[in-house]
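A look at the structure
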Amino acid sequence: MLAFGISLAAAVRVGHAVGRNGGPGVERAGLVAMLLGTLIAALLTVAVIVARSEIAELLLDKSAEDADARIGRTAELLVVAASLFVTDAAQSIVAGGLRGLKETRVPLLFVGIAYRAIGFSLGHVLGSKIGLGATGIWIGLSIGKNIYTGPLVLRFPLRASRCAFRAVT
């Protein structure tokens, strides 16, 4: 949720900079938001990975007959989920910056390809066909998220520099 909040702030700051014809401000607003969000996400990733067993024990009933197996499985899935924090924060914040530039169609196209065509399909293959179960599904979704984040992170500076060029000329 922190990344989502920063994403909304990035959309507003980028939109204001666009409205002022402040070309360098557009890029600066997006990049500062992305750095802040990814730094926070990286810290949370480390915290979850370090405390994964304690988090699993806190959330699950220790008196159940298969408690140790479930706690171990949950701790394993927390590591996979934590690996998504940084890319999730980056994609959310960059998507917010692109919204501030009034660009929503291309990110929608990217998400359709990355999640629908690649992430879900790969998660199904890894989880069901190869037999990795829930971990395979999460790995597939993680790969889909990474594939979605890459083009967005590359697209924002291109769109921001175009906006800066128009402001100068």
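Our subject in this report is the structure included herewith. Just so it is clear, the structure is predicted and the values come from calculations on it, not from any experiment.

1. Observations regarding a nonpolar patch on the surface
- There is a patch of nonpolar side chains on the surface, built from V125, I130, L132, I139, I143 and I147 and spanning about 440 Å² of accessible area.
- Ranked by the residues each element gives to the nonpolar patch, the list is headed by helix α7 (residues 134-168), at three residues.
- Looking at where I139 falls in the secondary structure, it is placed in helix α7.

2. Some thoughts on the packing of helix α3 (residues 52-59) against helix α4 (residues 67-82)
- α4 packs onto α3 with a crossing angle of 125° between their chain directions and a minimal axis gap of 8 Å. The orientation of α3 relative to α4 falls into the category oblique. In this structure, α3 crosses over α4, and the sense of that crossing is right-handed. Residue-level inspection shows R52, S53, I55, A56 and E57 of α3 in contact with α4, the latter providing I71, T74, A75, L78 and V79.
- Each residue belonging to the contact of α3 with α4 can be placed in one class, and the counts come to six nonpolar, two polar and two charged.

3. Side note on unusual backbone geometry
- Despite not being glycine, K102 has its phi angle at roughly 65°, a positive value.
- Given a relative accessible area of 75%, K102 falls into the exposed group.

4. A word on the environment of L59
- Note on placement: L59 falls in helix α3.
- Look at L59 and you get exposed, because its relative accessible area is 62%.
- The spacing of L59 and L35 is 24 residues in sequence and 31 Å in space, taken between C-alpha atoms.

5. Observations regarding the nonpolar core
- Among the nonpolar cores identified, the biggest contains 20 residues, and V26, L101 and F156 are the most heavily contacted of them.
- The set of elements that each furnish at least two residues to this core consists of α1 (2-19), α2 (23-50), α5 (85-100), α6 (105-129) and α7.
- Here the element with the most residues in this core is α7; it accounts for five residues.
- Look past the residues within four positions of F156 in its chain and what remains in contact with it is V14, V26, E27, G30, L31, V94, G97, L98 and L101.

6. Section: α1
- In this model, α1 (18 residues) spans 26 Å end to end at C-alpha, consistent with the 26 Å of a helix rising 1.5 Å per residue.
- The complete set of buried residues in α1 reads A3, I6, S7, A10, A11, V14 and A17. One face of α1 carries all of its buried residues, which in axial projection span an arc of 150°. What points out from α1, more than 90 degrees from its buried face, is the exposed set H16 and G19.
- In the stretch just after α1, N21 is the one whose phi turns positive, near 60°.

7. Comments concerning the side chain of T135
- Assignment of secondary structure puts T135 in helix α7.
- Its relative accessible area of 10% is what places T135 among the buried residues.
- At 2.9 Å, the side chain of T135 forms a polar contact with the side chain of R73.

Thresholds applied
- Residues numbered from 1 in each chain as written.
- Predicted model: local features only at pLDDT ≥ 70, side-chain atom pairs only at ≥ 80, totals over all residues.
- Heavy atoms only, no water.
- Patch = residues over 30% accessible without salt bridge, like charges linked within 9 Å, V, L, I, M, F, W, Y side chains within 5 Å.
- Areas by Shrake-Rupley, 256 points an atom, 1.4 Å probe, with all protein chains shown as cover.
- Salt bridge = Lys/Arg side-chain N within 4 Å of Asp/Glu carboxyl O.
- Helix = DSSP H or I, 4+ residues; strand = E, 2+ residues; numbered from the N terminus.
- Axes fitted to C-alpha atoms, helices over the stretch in contact; angles between N-to-C directions.
- Parallel < 35°, antiparallel > 145°, perpendicular 65-115°, else oblique.
- Left-handed = near helix turned anticlockwise from the far one by under 90°.
- Contact = heavy atoms within 4.5 Å.
- Nonpolar A, V, L, I, M, F, W, Y, C, P; charged D, E, K, R; others polar.
- Buried < 20%, exposed > 50% of the residue type's maximum accessible area, 1.4 Å probe, protein only.
- Core = buried A, V, L, I, M, F, W, Y, C linked by side-chain atoms within 4.5 Å.
- Expected span 1.5 Å × (residues − 1).
- Arc of directions from axis to C-beta.
- Polar contact = N/O pair within 3.5 Å; in protein donor to acceptor, adjacent residues only side chain to side chain.

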